[in-house]
Amino acid sequence: MTAFQPKLVALDVDGTIVDERNQLTAPVREAVRGLAARGLEVVISTGRAIPGVLDVVDKLGLDGRHAVASNGAVVLAHPPVDILHTVTFDASEAVRRVLAEMPDAIVAVEELGTGYRVSRPFPTGEINGTIVVEDVESLIADPVVRVIIRSPDHAPEEFGEIVRSLGLDDTSYYIGYDAWLDLAPQGVSKAYGLEVLCERLGVDRSEVLAVGDGNNDVEMLQWAGRGVAMGQAPDLLKDVADDVTGSIHEDGLLTELQRYL
């Protein structure tokens, strides 16, 4: 691996940079900052909305960078926030299909740059930014960049089985760890957002290092010149990765980034 030297480093956030308490270790912070100081383009690539991106950017102390948010539907520069590219879609049919099977699920649509509109409050700490409660029909009346459906009353395995049985072929979707579903425009993924950004920056995909831990990182790791899965990642992600590092609790990201310092 000594021959591979990335120009752009794309990093997932939850489970890669920060743990379940939204905390990161000092060695990880210093490694990320060290890469930026060496002139590498460090890009946050996450399912989080813009407020969540800015939260981790603040924790890392990164200035004057780019990010891919909302699972690739939003590409931005920061700070100050400058939205460079967005993709929206009509999520109404997909949301209705899910709610027909799980009528008590919570629905959230992303409000670009500010937070979310939700059908009712999410569990504490799961989403951030400005939160406004509205009825479901109002939430899905217009095209959006991203929808989250959360069902705290379902076990993750049962939730996943229900979602996969619905045939949501007209949208991109990602199932999270805790009965969490992300809906995105068809064909949009973190890889899509990174490709948009790399075209702007003049970086080839072969020069991209990508690290992630979730189902929504599959396309990104497949697309990048080097894709690395965190140790706690599902087998689906590990199978497509070029390498597997340690888990979030073993500072697995640090192990990978030290190769380039």
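As a convention, each chain's residues are numbered from 1 in the sequence order in which they are written. Reporting of local features is limited, given that this is a predicted model, to residues whose pLDDT is at least 70; pairs of side-chain atoms are given and counted only at 80 or more, and all residues count toward the totals for whole chains, interfaces and linings. Side-chain numbers come from the whole structure's heavy atoms, not from hydrogens or water.

### Examining the sheet that holds strand S9 (residues 147-150)
Stage number 1. Spatial strand order, S8-S7-S6-S9-S11-S10: six strands in an open sheet with mixed pairing. The open sheet has two free edges, formed respectively by strand S8 (130-133) and strand S10 (172-175), since each of these has just one partner strand. Strand-to-strand twist in this sheet, taken as the mean axis angle between neighbours without regard to direction, amounts to 20°.
Stage number 2. One requirement defines pairing of two strands: DSSP has to find at least two bridges between them. For helices the rule is a DSSP run of H or I covering at least 4 residues; for strands it is a run of E covering at least 2, with both sets numbered from the N terminus onward. Looking at chain direction, strand S6 (residues 106-111) and S9 are connected through four bridges and run antiparallel. Bridging from a neighbouring strand, Val107 pairs with Ile149 of S9. Helix axes use the C-alpha atoms of the stretch in contact, all axes being lines fitted to C-alpha atoms, and the angles between their N-to-C directions lie in the range 0 to 180 degrees.

### Digging into the side chain of Asp12
Stage number 1. Topologically, Asp12 is positioned in the loop between strand S1 (8-11) and helix H1 (26-37).
Stage number 2. Polar contacts, as counted here, are pairs of nitrogen or oxygen atoms within 3.5 Å of one another; within protein the pair requires one atom able to donate a hydrogen and one able to accept it, and residues that are adjacent in sequence qualify only if both atoms are side-chain atoms. Here Thr16 takes part through its side chain, which lies 2.8 Å from a polar atom of the side chain of Asp12.
Stage number 3. At 2.9 Å, the side chain of Asp12 forms a polar contact with the side chain of Lys190.
Stage number 4. Contact partners of Asp12, with chain neighbours within four places excluded, come to Ile17, Ser45, Thr46, Lys190, Val211, Gly212, Asp213 and Asp217. We call two residues contacting when some pair of their heavy atoms lies within 4.5 Å.

### Here we look at the sheet that holds strand S5 (residues 82-86)
Stage number 1. Strand order in this open sheet of eight strands is S5-S4-S3-S2-S1-S12-S13-S14, and the pairing throughout is mixed. Each of the sheet's edge strands pairs with one partner strand only, and the pair in question is S5 and strand S14 (243-244).
Stage number 2. Pairing geometry for strand S4 (residues 74-78) and S5, over four bridges, is antiparallel. Each residue of the ladder has a partner; that of Leu76, found in S5, is Ile83.

### Quick word on the environment of Leu84
Stage number 1. Positionally, Leu84 belongs in strand S5.
Stage number 2. Take Leu84: its relative accessible area is 22%, and that puts it in the partly exposed class.
Stage number 3. Distance from Leu84 to Tyr260, taken between C-alpha atoms, is 29 Å for residues 176 residues apart in sequence.
Stage number 4. The residues contacting Leu84, other than those within four sequence positions of it, are His66, Val75, Leu76, Ala77 and Arg200. Only protein chains enter the accessibility calculation, which uses a 1.4 Å probe; a residue is then buried when its area is under 20% of its type maximum, exposed when over 50%, and partly exposed in between.

### Quick look at helix H5 (residues 156-164)
Stage number 1. Within H5, burial applies to Phe159, Gly160, Ile162 and Val163. Looking straight down H5, one finds its buried side chains confined to an arc of 165°; they lie on one side. In H5, the exposed positions that point more than 90 degrees away from the buried face belong to Glu157, Glu161 and Arg164.
Stage number 2. The elements touched by buried residues of H5 are helix H3 (92-101), S9, S10 and strand S11 (180-184). The arc in question is the one traced by the directions running from the helix axis out to the C-beta atoms.

### A few points about unusual backbone geometry
Stage number 1. Here the bond from Pro79 into Pro80 is cis, since omega is -10°, no more than 30 degrees from zero.
Stage number 2. Residue placement: Pro80 occurs in the loop between S4 and S5.
Stage number 3. The backbone phi angle of Ala179 is positive, close to 50°, even though this residue is not glycine.
Stage number 4. In this fold, Ala179 is placed in the loop between S10 and S11.

### Considerations on the packing of aromatic side chains
Stage number 1. Aromatic rings from Phe, Tyr and Trp, taking only the six-membered ring of Trp, are treated as a pair when their centres fall within 6.5 Å; an angle between ring planes under 30 degrees marks them as stacked, one over 60 as edge-to-face, and anything in between as tilted. In total, this model carries two aromatic pairs according to the counting rule given.
Stage number 2. On the numbers, 6.1 Å between centres and 80° between planes, the contact of Phe4 with Tyr260 is edge-to-face. Of the two residues, Phe4 sits in the segment before S1 while Tyr260 sits in the segment after helix H9 (252-257), which places them 256 residues apart along the sequence. Per residue, the accessibility class of Phe4 equals that of Tyr260, and both read buried.
Stage number 3. Note on Phe122 and Trp180: the rings are 6.0 Å apart at their centroids and 75° apart in plane angle, and the pair reads as edge-to-face. Within this pair, whereas Phe122 is found in the loop between strand S7 (115-118) and S8, its partner Trp180 is found in strand S11, the two being separated by 58 residues in sequence. Both residues of the pair, Phe122 and Trp180, belong to the buried class.

### A word on the nonpolar core
Stage number 1. To form a nonpolar core, buried Ala, Val, Leu, Ile, Met, Phe, Trp, Tyr and Cys residues must be joined to one another through side-chain atoms within 4.5 Å. Ranked by size, the top nonpolar core spans 38 residues in total, and within it Ile17 and Ile44 carry the most contacts.
Stage number 2. Going through the elements one at a time, S1, H1, strand S2 (41-45), helix H2 (50-60), strand S3 (65-69), S4, strand S12 (208-212) and H9 are the ones with two or more residues in this core.
Stage number 3. Discounting residues that sit within four places of it in the chain, Ile44 has contacts with Leu11, Val13, Ile17, Val53, Val56, Val57, Leu60, His66, Ala67 and Val68.
Stage number 4. Grouped together as the second largest cluster of nonpolar side chains are 24 residues, Val144, Val147, Phe159 and Ile162 included.

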